[in-house]
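Fold and contact review
The residues making up each chain are set out below.
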Amino acid sequence: MDISSSHFQSLIMKSFLLILLCLFSISLFAQTPRNSAIRGTVVDQQSQFPLPGVTILLLEHEPLTGTTTEFDGSFRLEDIPVGRHAIQVSYIGYESQVLTNLLVTSGKELEVNIKLVEAIVQLGGAEIVAEDKKHEALNEMSSVSARSISIEEAQRYSGSLLDPARMAQNYAGVSNASDDRNDIIIRGNSPTGVLWRMEGIDIPSPNHFGTLGTTGGPVSMLNINNLANSDFMTSAFAPEYGNALAGVFDLRLRNGNKDKFEFMGQIGFNGFELGAEGPLGLGKRSSFLINYRYSTLGVFQAMGIDFGTGAAVPEYQDLTFKLDIPTNKLGRFAVFGVGGLSFVEFLASDSEETNLYSENAENTQFESNTGWAGISHQYFIGEKTKTKLVLATSYAGVNGWVDSLSTVTDEPTRTYGLKTAQAKLSGNFSVNSKINARHTVKVGVIYDRFNFALADSVLYSPDVYYYRSDFDDNGDLIQAYANWQARIGELTTVTAGLHSMHFMLNNTHAVEPRLGIKYNFRPNQTLSFGAGLHSQLQPIPVYFRTNRLDDGSSVLTNDQLDFNKSAHLVLGYDNLIKPQFRIKAEVYYQYLYDIAVDRDSSSFSMLNSGVDFGIPGNGDLVNEGTGYNYGFEFTAEKFFSKGWYMLGTVSLFTSHYKGSDGVDRSTAFDGNYVANLLGGKEWKLGKAYLLSTDTKITIAGGRRYTPIDLEASELAGMEVRKQDQAFSEQYAPYFRTDFKVSLRFNGKRLSQQWAVDLRNVTNQQNIFLEQYNASSNSIQNRYQIGFFPVFLWNIYF
């Protein structure tokens with residue numbers, strides 16, 4: 001939208017006045033901070049068995065402070081001054097680790113979970129000490145195109161809105177030249193190709209205002225205050241992950257504090273938030289964690305801040321919880337869940353320039369309800385074999401309608417209605433066995449039973465509606481995998497395995513071999529290779545699209561569709577030049593085949609699904625499409641140390657496809673390039689304060705689009721696009737600069753943080769889309785969100 005100069009200046013003044021108010025309020029709390037604690041667990045990386053007797057030392061601290069882990073691998077360092085610290089973790093027969101820049105605050109204890117690698121070659125009294133491998137995935141079976149996501153990074157990065165998906169957009173290979181949603185576009189693939197997993201269960205889109213079959217949304221349901229460090233994979237992922245073509249986000253919920261009660265409150269873009277954690281009372285080591293938040297966008301709008309919905313105010317709320325219950329003999333149990341409700345209504349009376357989500361002369365209502373809950377049990381057979389069973393249920397439901405308003409009488413006519421619901425029962429059973437220091441095997445079975453009720457209708461002729469879907473049925477997806485990892489000598493690690501899927505609704509099947517190799521040819525330098533086949537179901541509503549026959553009846557035409565499929569090939573180079581600085585480069589090629597396209601000649605391909613808010617409604621598809629992606633990625637990263645960090649990424653890529661017309665075209669996500677530069681600095685102010693500044697600059701190729709046929713649109717009285725020129729045009733390059741200032745205060749019994757994140761601080765006008773205006777018979781540009789200040793306050797006690 002076009003933000004006027006006076007409005008822009010007004011928002012700037014409000015932002016900096018709020019900063020001054022925050023600084024003044026902080027001075028009222030000035031007091032000496034109370035020391036806190038570092039707690040956590042240490043386990044064997046391959047077997048994940050708890051390691052008792054591990055030595056934990058606090059470095060560069062007088063007097064010497066240390067402890068050892070208990071029988072369950074847990075440890076606790078007491079009376080630690082607030083600020084940045086480093087610890088060394090060592091155990092006989094294992095490679096030691098040094099973890100640096102751990103931020104200890106008052107009001108909340110710091111949790112650190114550590115995995116140690118058993119040394120292949122024992123060196124007598126010598127000790128191998130390795131820096132914390134922040135860049136490596138937590139899942140040791142991931143060989144290439146994978147990294148762990150630090151929760152502290154997600155809280156630090158400017159412009160991320162405390163959203164893991166938006167944070168992932170900073171990494172090489174990921175793009176999304178759009179402010180309206182948090183879609184993860186990986187290497188030119190559709191965002192619908194991303195798998196979201198939490199606690200071992202594949203989950204629906206973890207976003208408010210999401211639709212069935214999509215993976216992104218405007219506001220995340222994921223509460224970063226409850227997440228542990230997690231894994232993000234962009235290609236050739238390990239055999240335990242299936243039903244995905246583009247990438248995987250493997251999320252973990254953290255455990256609550258088993259030793260003491262802690263509370264938090266927060267106000268920010270994602271909502272008003274309250275949280276609590278502490279001992280559960282079921283044994284000495286059990287804990288609970290719970291968090292609730294409610295939307296604050298009404299407050300932002302009252303302040304004159306525009307977030308792209310015009311006069312409409314989105315409403316949403318969500319709840320996250322986890323119970324952790326270890327036992328002495330029966331293993332470890334956990335109960336977890338996330339649920340969210342969201343609603344919004346757009347009216348045609350809204351200013352068209354400030355509403356990114358609805359069309360001219362239309363009233364739209366949309367509500368979505370999404371959630372999942374489960375119970376897990378892990379049990380060790382001896383010290384080297386772990387079994388894990390997860391049982392869960394999930395639900396994703398959407399209700400919506402569209403009324404078209406007459407340009408003469410302004411009377412509404414219902415033109416579209418939607419009611420979809422997908423319930424799912426899931427089970428995941430796995431066995432992980434560490435044969436010895438060199439060999440580890442993991443096998444598992446994943447079962448999903450889908451129950452779906454799908455109905456959507458469009459106005460076919462006056463007072464006559466055509467149901468594109470009207471179905472109530474169920475289907476079963478069974479996945480099985482086997483994975484073997486071998487450490488060959490001291491330099492090479494090979495991971496090989498097989499993944500298979502069977503969809504019982506139409507008895508389609510896929511077998512997918514996977515291979516990963518890591519070769520440490522020099523100290524701190526690694527070559528990596530990954531290859532594999534990957535398959536994915538069509539979005540569930542697609543199977544139940546119908547075609548209308550001449551006699552007025554409808555027939556299912558997509559119910560026998562096979563999986564969409566892809567072959568991945570990746571070669572990577574990683575150089576840890578210094579303990580806190582590394583460079584990484586990857587080249588890749590992906591061939592996509594058996595892609596769903598129209599039976600009749602057209603430019604349509606399921607590879608472009610996810611470009612809009614819903615799933616395509618095409619009703620006569622066949623698996624005859626193809627596509628390919630290739631590119632180069634480079635990362636230079638200076639991890640946080642000595643008070644500052646830096647991350648620079650460059651991605652160059654091509655993403656093409658062929659529909660049933662056989663024409664080679666750019667996909668909707670073929671932006672060609674994206675570059676990010678992030679950096680931040682932290683200053684310690686006395687004993688109680690930390691001042692931080694963070695910035696981010698992004699430049700990316702503009703979004704692809706299909707040009708509007710103005711003459712045909714005028715004749716039809718509605719927008720008509722030139723489908724034979726699908727995605728042939730590209731908007732101007734996308735550019736955005738974000739800047740954040742935050743101040744953390746540590747008191748005797750609490751810690752607080754104030755932050756102002758100035759998104760698009762230069763008020764750059766990036767094009768959102770071209771749209772046909774029937775009233776003026778013209779093509780108009782709508783612009784993405786301009787300058788958008790986001791305020792945050794939280795308190796821990």
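Notes on the structure in this doc start here. Here the residue numbering is sequential within each chain, running from 1 through the sequence in written order. Confidence filtering applies because this is a predicted model: local features only for residues at pLDDT of at least 70, side-chain atom pairs given and counted only at 80 or more, and all residues used for totals across whole chains, interfaces and linings. Note that water and hydrogens are dropped before the side-chain values are worked out from all heavy atoms of the structure.

**Observations concerning the overall build of the protein**
In terms of regular secondary structure, the protein is built from five helices and 46 strands. Each residue's exposure class comes from its accessible area (1.4 Å probe, protein chains only) as a fraction of the maximum for that residue type: buried when under 20%, exposed when over 50%, partly exposed otherwise. When the 797 residues of the protein are sorted by exposure, 58% land in the buried category. Two residues qualify as a contact provided that any one of their heavy atoms is within 4.5 Å of a heavy atom in the partner residue. Partitioning the intrachain contacts of the protein with sequence separation of at least 6 by distance along the chain shows that 66% fall at a separation of at least 24. Accessible areas in this description were obtained via Shrake-Rupley with a 1.4 Å probe; residue shielding takes into account the shown protein chains only. Only carbon and sulfur atoms are counted for the fraction: they give 58% of the accessible area of the protein, which is about 31,300 Å². Working definition: helices are DSSP H or I runs of at least four residues, strands are E runs of at least two. Numbering for both runs from the N terminus.

**Things to note about empty space enclosed by the protein**
Only protein atoms enter the 1 Å grid, on which a cavity is a set of points fitting a 1.4 Å probe that cannot get out and a pocket is an open set with protein on both sides within 12 Å along at least 5 of 7 lines, lining residues being those with an atom within 4 Å of a point. Grid points are joined across faces, edges and corners, and a volume is the space filled by probe spheres set on the points. Using the criterion set out here, one finds nine cavities of 30 Å³ or more in the structure. The volume enclosed by the largest cavity comes to roughly 700 Å³. If you go around the largest cavity, you meet 46 residues; those closest to its centre are T192, G213, T214, T215 and Q536. At the level of elements, β12 (194–198), β23 (362–381), β24 (385–405), β25 (412–434), β26 (439–461) and β36 (644–658) are the ones that each hand at least two residues to the lining of the largest cavity. Along the lines of polarity and charge, the residues of the lining of the largest cavity split into 17 nonpolar, 26 polar and three charged. Basically, the charged four are Asp, Glu, Lys and Arg, the nonpolar ten are Ala, Val, Leu, Ile, Met, Phe, Trp, Tyr, Cys and Pro, and anything else, Gly included, counts as polar.

**Notes on unusual backbone geometry**
Residue P63 follows E62 across a cis peptide bond; omega there is 0°. Along the polypeptide, P63 turns up in the loop between β2 (55–58) and β3 (65–68). The backbone phi angle of N763 is positive, close to 60°, even though this residue is not glycine. Along the polypeptide, N763 turns up in the loop between β43 (751–759) and β44 (767–773). At N777, a residue that is not glycine, the phi angle is positive and equals roughly 50°.

**Some points on the nonpolar core**
Remark: nonpolar core denotes a set of buried residues (Ala, Val, Leu, Ile, Met, Phe, Trp, Tyr, Cys) joined through side-chain atoms within 4.5 Å. Counting residues in hydrophobic clusters, the biggest one holds 37 residues, and the most contacted among them are Y171, I184, W196, M198, F232 and F249. Once residues lying within four places of it in the same chain are set aside, the contact partners of M198 are I203, L222, L227, L251, L253, F336, V338 and W372. Ranked by size, the runner-up nonpolar core spans 31 residues in total, among them L454, V542, M606 and L621.

**Considering the pattern of salt bridges**
Here a salt bridge means any side-chain nitrogen of Lys or Arg lying within 4 Å of a carboxyl oxygen belonging to Asp or Glu. In the structure shown here, the tally under the stated rule is 41 salt bridges. E109 is paired through a salt bridge with R76; the nearest N and O atoms lie 2.3 Å apart. Here E109 is found in the loop between β6 (96–104) and β7 (110–116), whereas its partner R76 is found in strand β4 (residues 74–80), with 33 residues between them in sequence. Of the charged contacts in the structure, one is a salt bridge between K322 and E199, with a shortest N-O distance of 3.7 Å. Remark: E199 occurs in the loop between β12 and β13 (201–202) and K322 occurs in strand β21 (residues 315–326); sequence separation between them is 123 residues. Here E199 falls in the buried class, since its relative accessible area comes to 9%. A single network of salt bridges, built from pairs that share partners, joins R39, R76, E78, K108, E109, R254, K258, D259, E262 and E277.

**Some details on the pairing of strand β46 (residues 788–796)**
The element β46 is extensively covered by neighbouring structure, given that eight of its nine residues are classed as buried. Pairing between strand β18 (residues 262–268) and β46: four bridges, direction antiparallel. Pairing of I267 across the sheet is with W793, part of β46. DSSP-based pairing: two strands are paired if at least 2 bridges between them are found. Here nine bridges tie β43 to β46, and the two strands are oriented antiparallel to one another. The partner of Q753 across the bridge, within β46, is N794.

**Looking at the sheet that holds β7**
Taken in spatial order, the three strands make up an open sheet running β4-β1-β7, and their pairing is mixed. Since the sheet does not close on itself, it has two edges, and those belong to β4 and β7, each with one partner. Here the average twist between neighbouring strands, direction ignored, is 20°. As paired strands, strand β1 (residues 36–44) and β4 are joined by five bridges and run antiparallel to one another. In the sheet register, T41 faces β4, and the bridge partner there is S74. Lines are fitted to the C-alpha atoms to define the axes, a helix being fitted only along its stretch in contact, and any angle between axes, read from their N-to-C directions, falls within 0 to 180 degrees.

**Structural notes on a positive patch on the surface**
On the surface, a cluster of positive charge is made up of R34, K260, K748 and R749. With respect to the helices and strands, R749 occurs in the loop between β42 (734–746) and β43. On the basis of relative accessibility, which here comes to 59%, the residue R749 falls in the exposed class. The residues that make up patches have over 30% relative accessible area and no salt bridge, and they are joined within 9 Å when like-charged or within 5 Å when they are Val, Leu, Ile, Met, Phe, Trp or Tyr. Residues counted as positive are Lys and Arg, residues counted as negative are Asp and Glu, and His and the chain ends are not counted. One atom stands in for each charge, and that atom is NZ of Lys, CZ of Arg, CG of Asp or CD of Glu.

**What about the packing of aromatic side chains?**
Only rings of Phe, Tyr and Trp enter the pairing, Trp through its six-membered ring, and a pair is recorded when the two centres are within 6.5 Å. The plane angle decides the type: under 30 degrees is stacked, over 60 is edge-to-face, the rest tilted. Under the definition given, this model contains 17 aromatic pairs. Look at W196 and F249: their rings are 4.9 Å apart centre to centre, the planes differ by 10°, and that puts the pair in the stacked class. Separated by 53 residues along the polypeptide, W196 in strand β12 and F249 in strand β17 (residues 247–253) bring together distant segments of the chain. Centroid distance F232 to F249: 5.1 Å. Interplanar angle 45°. Geometry classified as tilted. Residue F232 is located in strand β16 (residues 227–233), and its partner F249 is located in strand β17; the two are separated by 17 residues in the primary sequence. For the pair shown, F232 and F249 are each scored as buried.

**Section: the sheet that holds β16**
Across the sheet, five strands lie side by side as β9-β16-β17-β12-β13; this open sheet has mixed pairing. Unpaired on one side and paired on the other, β9 (146–149) and β13 mark the two borders of the sheet. Relative to β16, β9 runs antiparallel, the two being bridged by four bridges. Of the residues in β16, the one forming a bridge with S148 is D231.

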